[in-house]
Amino acid sequence: MREEHKEPSAGKLNDQPHQEVSMLDNALQSEVESLRSALEEERKKTEEQGKLAEEYLDHLKRLKAEFDNFRKREMLYRQNFVKTANRDLILKILPVLDDMEKALSEGEKGGFGTDPFYQGVELIYRKFLTLLEKEGVRQLLALGQKFDPKYHEAVSTVSLPEREDYEIVEELRKGYLLHDEVMRPAQVVVNRHSEEKMA
């Protein structure tokens, strides 16, 4: 008996490739959606990491600024501490310096200017001043200057018509600056042309 061979219909032959294309298209779309989803997730992660990095950077900048300020305050504190400590010590030394000046002045008046002992004391006095200058100490100018209450302390006044009004005509005790700040005002005698009180 002869087996009858049935040919597939033309409609079925045309449907099969179409179904395969459709299946491939669906799979491709699904893959694309999956990739888009993964890409979006990575984008969000990148944004979060970027924000986190910015927060860390801001925090680091604040820490650095705080540390710089702390270092400046600490340096200023140390400088002020050293300055204050030196100031107290120098203030205790100044009366000794005053006594040396008086001794030298009296020795000069007594005609001992060429005496080796006098010259030795004068040399020590000069070394003393040099040492203080290295620590930021300077003597105030007073004699012949115009009186300035910021730098001078008027102990008394005189009236000398040939001298300028408010001119300092005598220095009773030297004044000193420490780093351009008055450490001790000079005690002076001031010339006045009138009887008005000193400012």
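Residues numbered from 1 in each chain as written. Predicted model: local features only at pLDDT ≥ 70, side-chain atom pairs only at ≥ 80, totals over all residues. Heavy atoms only, no water.

Our next topic: the overall build of the chain. Summing up its helical and strand segments, the chain has two helices and six strands in all. Written out in order from the N terminus, the α and β elements of the chain read α-α-β-β-β-β-β-β. Its C-alpha atoms give the chain a radius of gyration of 48 Å, clearly above 16 Å, the size a compact globule of 199 residues would have. Projected onto its principal axes, the C-alpha positions of the chain cover 165 × 45 × 20 Å. By residue count, 18% of the 199 residues in the chain fall in the buried class. Between the averaged position of the 32 positive side-chain charges in the chain and that of its 41 negative side-chain charges there is a distance of 3 Å. (Helix = DSSP H or I, 4+ residues; strand = E, 2+ residues; numbered from the N terminus. Rg over C-alpha atoms; globule rule 2.2 N^0.38 Å. Buried < 20%, exposed > 50% of the residue type's maximum accessible area, 1.4 Å probe, protein only. Lys, Arg positive; Asp, Glu negative; His and termini not counted. Charge placed at Lys NZ, Arg CZ, Asp CG, Glu CD.)

Quick look at the pattern of salt bridges now. Applying the stated criterion across every chain yields a total of 14 salt bridges. Asp165 is paired through a salt bridge with Arg192; the nearest N and O atoms lie 2.9 Å apart. A residue pair is termed long-range when its members are at least 10 positions apart, and Asp165 in the loop between strand 2 (152–158) and strand 3 (168–173) and Arg192 in the segment after strand 6 (186–191) qualify at 27 residues. In this structure Asp165 comes out as partly exposed when scored by relative accessible area, which is 26%. Connected via shared salt-bridge partners are Glu40, Arg43 and Glu47. (Salt bridge = Lys/Arg side-chain N within 4 Å of Asp/Glu carboxyl O.)

Before going further, it helps to spend a moment on the packing of aromatic side chains. For the structure on display, the rule yields one aromatic pair. When the ring of Tyr77 is compared with that of Phe81, the centres are 6.4 Å apart and the planes differ by 25°; the resulting orientation is stacked. Pair noted here: Tyr77 and Phe81 are both in helix 1 (residues 10–109), with a separation of four residues, about one helical turn. Each of the two residues, Tyr77 as well as Phe81, counts as exposed. (Phe/Tyr/Trp six-rings, centres within 6.5 Å; stacked < 30°, edge-to-face > 60°.)

We now examine the environment of Phe81. Given the relative accessible area of 52%, Phe81 is considered exposed. Here the alpha-carbon distance between Phe81 and Lys127, two residues 46 residues apart in the chain, equals 25 Å.

Formed by 14 residues in total, the largest nonpolar core has its most connected members in Ile90, Leu94, Leu97, Tyr125, Val137, Tyr176 and Met183. Only helix 1, helix 2 (116–134) and strand 4 (176–178) provide two or more residues apiece to this core. In this structure Tyr176 touches Leu94, Leu97, Glu101, Val137, Arg138, Gln139, Leu140, Glu181, Val182, Met183 and Arg184, once residues within four positions along its chain are discounted. Membership of the second largest hydrophobic core comes to six residues, among which are Ala142, Phe147, Ala186 and Val190. (Core = buried A, V, L, I, M, F, W, Y, C linked by side-chain atoms within 4.5 Å. Contact = heavy atoms within 4.5 Å.)

Let us now look at the confidence of the model for the chain. Confidence in the prediction for the chain averages 88 pLDDT; 90% of positions are at 70 or higher. The least confident element of the chain is helix 1, whose mean pLDDT is 89; the most confident is strand 6, at 96. (pLDDT = per-residue confidence, 0-100.)

This part covers the sheet that holds strand 5 (residues 181–184). Working definition: the strands of a sheet are paired by backbone hydrogen bonds and lie parallel or antiparallel to each other. Strand order in the open sheet formed by three strands is 1-4-5, with antiparallel pairing between adjacent strands. Since the sheet does not close on itself, it has two edges, and those belong to strand 1 (137–139) and strand 5, each with one partner. Between one strand axis and the next, the sheet turns through 35° on average, direction left out of account. Two elements, strand 4 and strand 5, share three bridges in a ladder whose sense is antiparallel. In the sheet register, Tyr176 faces strand 5, and the bridge partner there is Arg184. (Pairing = 2+ DSSP bridges. Axes fitted to C-alpha atoms, helices over the stretch in contact; angles between N-to-C directions.)

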